[in-house]
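Analysis of the macromolecular model
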Amino acid sequence: MISLTDQAYTKVKRLLQAKNYAGIRLGVKTTGCSGLAYVLEYVDGTAESDLVFESEGFKIVVDPKDFPILDELLVDYVRAGLNEGFEFVNPQEKDRCGCGESFRI
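Residues numbered from 1 in each chain as written. Predicted model: local features only at pLDDT ≥ 70, side-chain atom pairs only at ≥ 80, totals over all residues. Heavy atoms only, no water.

What follows concerns the environment of Arg-25. Along the chain, Arg-25 falls in strand β2 (residues 23–31). Residues in contact with Arg-25, not counting those within four places in the same chain, are Val-39, Leu-40, Glu-41, Val-43, Ala-47, Asp-50, Val-61, Val-62 and Asp-63. (Helix = DSSP H or I, 4+ residues; strand = E, 2+ residues; numbered from the N terminus. Contact = heavy atoms within 4.5 Å.)

Written as structure tokens, this is what we have:
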């Protein structure tokens, strides 16, 4: 299961309404010194093979190959000083690189 904090839900909902998207796609890509990085994109539609979860008015779309890595993921939206953005809390993570951009399972 993938979940969003109230702050992340509010931010996603606002962005989706402004751009008229149907939902978000969560995934991972290979990059960085630890190997993987989270990807969050806005989507209009889904592929037949996608896993689709409904979350209070919008879709969370995940490629089946990424789901084992993203299962139990918590997406948060954080503001700290002048910085703001989505943060990903994954209990499966074993390590993160020093800059925090990539992780390994």
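Right, picking up where we left off after that structure.
Looking now at the pairing of β2. Here β2 runs beside strand β3 (residues 35–43); their pairing, made up of nine bridges, is antiparallel. By the bridge assignment, Thr-30 is partnered in β3 with Leu-36. Sheet analysis places β2 next to strand β5 (residues 58–62), joined by four bridges and oriented parallel. Residue pairing across strands places Leu-26 opposite Val-62, the latter belonging to β5. (Pairing = 2+ DSSP bridges.)

This part takes up the sheet that holds strand β6 (residues 74–80). The strands making up a sheet are joined through hydrogen bonds of the backbone, oriented either antiparallel or parallel. Pairing in this open sheet of three strands is mixed, and the strands run β1-β6-β7 from one edge to the other. One side of each edge strand has no neighbouring strand; the edge strands of this open sheet are β1 (3–4) and β7 (83–89). The sheet contact formed by β6 and β7 spans seven bridges and is antiparallel. Looking across to β7, one finds that Asp-76 is bridged to Glu-87. Of the strands in this sheet, β1, β6 and β7 touch helix α1 (residues 6–19), which is tilted by about 85° from β6. (Axes fitted to C-alpha atoms, helices over the stretch in contact; angles between N-to-C directions.)

Turning our attention to unusual backbone geometry. One can expect most non-glycine residues to show negative phi and most peptide bonds to be in trans. With a phi close to 60°, Asn-20 is a non-glycine residue in the positive phi region. Within the secondary structure, Asn-20 sits in the loop between α1 and β2. Since its relative accessible area comes to 67%, Asn-20 is described here as exposed. (Buried < 20%, exposed > 50% of the residue type's maximum accessible area, 1.4 Å probe, protein only.)

A few words now on the side chain of Asp-50. Looking at where Asp-50 falls in the secondary structure, it is placed in the loop between β3 and β4 (51–55). A polar contact of 2.7 Å, which involves the side chain of Asp-50, links it to the backbone nitrogen of Ala-47. In this structure Asp-50 touches Arg-25, Val-61, Val-62, Asp-63 and Pro-64, once residues within four positions along its chain are discounted. (Polar contact = N/O pair within 3.5 Å; in protein donor to acceptor, adjacent residues only side chain to side chain.)

Averaged over all residues, the pLDDT of the chain equals 89, while 95% of them reach at least 70. The lowest-confidence element of the chain is strand β8 (residues 95–96), averaging 80 in pLDDT; the highest-confidence one is helix α2 (residues 67–70), averaging 95. (pLDDT = per-residue confidence, 0-100.)

The next thing to look at is the pattern of salt bridges. Scanning the entire structure with this criterion turns up three salt bridges. With its nearest N and O atoms 2.7 Å apart, the salt bridge here joins Arg-25 to Asp-50. Of this pair, Arg-25 sits in strand β2 while Asp-50 sits in the loop between β3 and β4; the two residues are 25 residues apart in sequence, bridging distant segments of the chain. Arg-79 is the salt-bridge partner of Glu-84, the closest N and O atoms lying 3.6 Å from each other. When its relative accessible area of 44% is taken as the criterion, Glu-84 is described as partly exposed. Under the relative-accessibility criterion, Arg-79 is labelled exposed at 60%. (Salt bridge = Lys/Arg side-chain N within 4 Å of Asp/Glu carboxyl O.)

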